[in-house]
Each structure stands twice: as structure tokens, then as C-alpha cells.
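Residue-level listing of the chains:
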Amino acid sequence: MKNENQRLRDIALDILLTIGESGGFSHLVIDQKLKKSQLELRDKALLTELVYGTMQHKLTLQYYTNYFVKKPEKMKNWVKWLFYLSIYQMEYLEKIPDHAIIHESVEIAKNRGHKGIANLVNGVLRTIQRNGLPDLNNITDLIERLSIQTSHPYWLVKRWFLQFGEEITREMCETNTAHKQMSIRVQPLKIRRDELMKQLENDGIHTKTSPISDQGMIIEEGNVLNHETFQQHFFTVQDESSMLVAELMDIKQGMTILDSCSAPGGKTTHIAEKMQDNGEIYAYDLHEKKAKLVAKKAKELDLTCIQVGQKDARKLQETHSKETFDRILVDAPCSGLGVLRSKPDIRYNKKEEDIHQLARIQKDILTHVLPLLKKDGKLVYSTCTVDKEENEQMIQSFLDENPEYKIDSSFFEELPEVLKSAKGRTQFGIQIFPQDLDSDGFFITRIMYQDNSNVSR
Ligand SMILES: C[S@@+](CC[C@H](N)C(=O)[O-])C[C@H]1O[C@@H](n2cnc3c(N)ncnc32)[C@H](O)[C@@H]1O
């Protein structure tokens, strides 16, 4: 008979095997399993922590495991992941005593395998308990050391080293393995921010205002997702860097706006709120199912100025005439290297080749969408990634090929005070690193037409 602790770790192991070996998205697999599991709320939180934590530290845990096991390549996948899960708990979670972790892990090994595997698990974990783990500072290659210490693939650390230098890369990798603060965006047509803060405070949830958006709040303590104001859709959970995108669109009431890559609708609904639901927003996404999420979100937030549809951004000229929109948002599909804290599996699944292909798609989308912008309009381009090829270099190459456009220099004046001297600021936009604001890594820039009538070419 399995006890509750064992059952919980068994489920965690199944989830890790699915994400780690079959490439499932962590948040989707966890959601699915949690729905079926009938675990108590507290246990669900621990299960989520075990899965995210183990995934986040996978390469470090692999290094430790391989240090102690003689022929690691011969281990079955479930044994490998059982080691990662067990060592994660011993090394990173203070609340569970080592003897309890070892006991549960050995029981799982007995149930899933045989006595030999149980003995191996017992032997390795007891050695770690007695002697501790190897010192990662002894790894001599700087990039390899950082890769193992912070569990980022070698190619990615090397790429960031070359693009941003050692200091920024180190800070970024370290931030990516740390806990991330949660932020929310109030729906101002439903409740004022100060009122919401007061209501939450009365129920023991401490918040502070965001330096990025006057709709933003940072949760300092307490679980806001269990609060009635969340069920009432008085706010949306949104990262602060993500909030900054709509903040930098210079939005006014009554505008006609295109959101070309809009699902699941975080930024579309923010734009609608900023317009006080007064204007027209056309929100599209390549995938029908995802576009439906935008409509759902708009409905929950009682926003009516959004028209949702399934469309390829590269073919929008079939639907809309040239120079239709006052503002356009291209929140482009990207490699997602800025959101590694919330989606730990991304770092192991992405390949360098994906980046080249994404940069081509991003440029293609920009090229096809920009003619829809009014001559005095503004287009904001953003990604949730940290990579020059998809951001600065893509923009530079686009502008080189399309001299009728330029970066809108007033964009930089509108940056919030906390980002005015950010390290990621260049003539092509701003790269926000996760360590800048304890938020997601994002790139944002703003493009407009350039009056070339006086320029001879
Ligand atoms: C970064 S996400 C957008 C996030 C969204 N703006 C938000 O804030 O919730 C990029 C979206 O672009 C969509 N996409 C990818 N290729 C596209 C294309 N060719 N045309 C339109 N949408 C596309 C993806 O399905 C994905 O939902």
C-alpha cells in the first residue's frame, strides 16, 4: 500500500518522465495530472514545486547523479528521474528531512523496479547524505561551470556570453534559477487599483504598486489566486515586462488597433483597458483554438471593443486595407528564452536552429503587417526572448531593407524611470533582462514611417 507522500512523488515522477522524455509542456502536463489526481490543495502545491524545481535544476541534478552512478547511461529513464527528484529535494528543499526523502525514494524504486535498483538508490542517496555533493566550483571551463551550476544548456550560455558578456550572462542564469515574484494587472473599469489593494490587504495579502504600469501590482505575500476578486476577474495575472508592451504603445481612446499575434490575449485586453473599451481592436492568431482564448479572456474582463479571429499575420492584407491602423502590435512568436523561470522545459527543448527560423518568420510578419499602419501610426514589436538574432539584429536587418521605416525615438523617452539606464538599451530598442526588474526577459521597440521626401538615395 502506498502512503500519500509516496503517491505524490510517484505522480511527480510520472510528470517528470512525460515532460523530460516526451517533450510535453510542463504547465499543460501538470494541469492535466492535477485535475485527475484528487490531491489536496497543499499537496498540489508541493507537487508543482517538486516538478518545476527538478526541471529547473535538471542539468545540475544530472551532473550530481552521474558523479555517483558508475554507468549512468545504462540507467532506465525512470531511475534517472527518480535520482533527479530525490537529489532536488535533498539539496534545495529544507522542509523535508533527508531520511524521509531516502525512505520514499527507495520504496518507489522497489515498487517500480526490483531490489537491485532499490539498493542502488539507497546507496547513492545515503552517500550524498553522509558526504555531501561534489563542489561545482571545481569545474574549470567557465561556460561549462555556469551551465551546470545554473542548469542552462552549454550552447545557450555560450551564445549569451558572446552576445552580452560574462556579467550579464551570469546574472541572467542565476536569476533564471531563483524564485520569481508574481505580478497582476488590475482591470480599471471594474475596480480602482487602490481599492483592490485595500481589499487584498484586509484579507492578509500584501501588495505594492508596480513601477512599470499604473495598473500593475506586485504580490509580496499571500495567495491571490484563492481570493474572490480573482474569481470576479478584477485582475489578470501578468508579468511586468509583458505589461510594459501596451504601456509603450502610446494608446488613446477611439483608436483602431491591430494585435497581429494575440493569443492568449494578455496584451490585447490590456490595450482595451487602456482605451477604456472605447475604440476598435482586431485581435488575430494563427491558431483557431488559441484565438478562442482571446475571446474568452475579453469576455471575462467585460471588454467589448475586441474582435477576434483566426488569421495568419502574413496574410492580413487580404482582410484589411493599407494604412488602416493607428497602432499595431506584433508580439511575435519567439524562442521564449526570457521566460525560462515560468516554463523551465523551454531551455532543454530549444535548439539554436529554431532561433534562425524564428528570426525569418518574425521579419516576414513585420514586412507584411507594416503596410497596414497609418502614415502617422506606430507599430510596437516585442518578444519574450533574450537573443540578438530575434531582436536587435532582426530589426536592424529589417530597417536596412525597408528604409521607409525607422525606430520612433520618442519611445525611449517614454520608458519608465527604472529602465532609463538599463543595460539592454540600444538604438534598436530595449532588451529587458530577467534580473533588471525580477520580471520576464523581453525585447520591445517601436517603429514608424520615416519621411524620406528630402532624402536622396
Ligand atoms: C508571444 S505569443 C503572443 C502572446 C500574446 N500577445 C499575449 O500577450 O497574450 C505569439 C503568438 O503568435 C501566434 N502566431 C505564430 N505565428 C503566427 C502567424 N504567422 N500569424 C499570427 N499569429 C501567429 C502564436 O500562436 C502565439 O499565440
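Residues numbered from 1 in each chain as written. Predicted model: local features only at pLDDT ≥ 70, side-chain atom pairs only at ≥ 80, totals over all residues.

Stated precisely, the cut-off is as follows: UniProt positions are given in the numbering used here, feature names are shortened, and annotations may be inferred rather than shown by experiment.
Within an unreviewed UniProt entry, the label attached to the protein chain reads 16S rRNA (cytosine(967)-C(5))-methyltransferase, and the organism entered is Gracilibacillus marinus. Its UniProt record gives the protein chain the following Catalytic activity (unreviewed entry) comment, quoted word for word: "cytidine(967) in 16S rRNA + S-adenosyl-L-methionine = 5-methylcytidine(967) in 16S rRNA + S-adenosyl-L-homocysteine + H(+)". Of the protein chain, the UniProt comment under Subcellular location (unreviewed entry) reads exactly: "Cytoplasm".

## Some words on the UniProt feature "binding site: S-adenosyl-L-methionine" (unreviewed entry) in the protein chain
As a reminder, the rule being used: Helix and strand labels come from DSSP, where a helix needs a run of H or I of at least four residues and a strand needs a run of E of at least two; each type is numbered from the N terminus. Here a residue counts as buried when 20 or more other C-beta atoms fall within 10 Å of its C-beta, as exposed when 12 or fewer do, and as partly exposed in between; the C-beta atoms come from the backbone. By the convention adopted here, residues are in contact when the distance between their C-beta atoms, placed from the backbone, does not exceed 7 Å.
Annotation from UniProt places "binding site: S-adenosyl-L-methionine" (unreviewed entry) at Cys261, Ser262, Ala263, Pro264, Gly265, Gly266, Lys267, Asp285, Asp312 and Asp331. Mapped onto the secondary structure, Gly265 falls in the loop between strand 5 (256-259) and helix 13 (266-274). Its 28 C-beta neighbours within 10 Å are what place Gly265 among the buried residues. If sequence neighbours within four positions are ignored, Gly265 has contacts with Ala283, Leu293, Val294, Lys297 and Ala298. Structurally, Asp312 is set in the loop between strand 7 (306-310) and strand 8 (325-331).

## Section: helix 7 (residues 115-131)
Rules: Under the convention used throughout, the expected extent of a helix is 1.5 Å for every residue step, that is, one less than its residue count.
Along its 17 residues, helix 7 runs 24 Å from first to last C-alpha, staying within 8% of the 24 Å computed at 1.5 Å per residue. Just beyond helix 7, the residue with positive phi is Gly132, at close to 80 degrees.

## A few points about the site of the ligand
Quick note on the threshold: Near, as applied to residues and a molecule or strand, means the residue's backbone-placed C-beta atom lies within 6 Å of it. Under the scheme applied here, ten amino acids are nonpolar (Ala, Val, Leu, Ile, Met, Phe, Trp, Tyr, Cys and Pro), four are charged (Asp, Glu, Lys and Arg), and all others, including Gly, are polar.
What surrounds the ligand is a group of 20 residues, the closest being Cys261, Gly266, Leu286, Ala313 and Asp331. Secondary structure elements with two or more residues in the shell around the ligand: helix 13 and strand 6 (280-285). Considering only residue class, the shell around the ligand consists of nine nonpolar, five polar and six charged.

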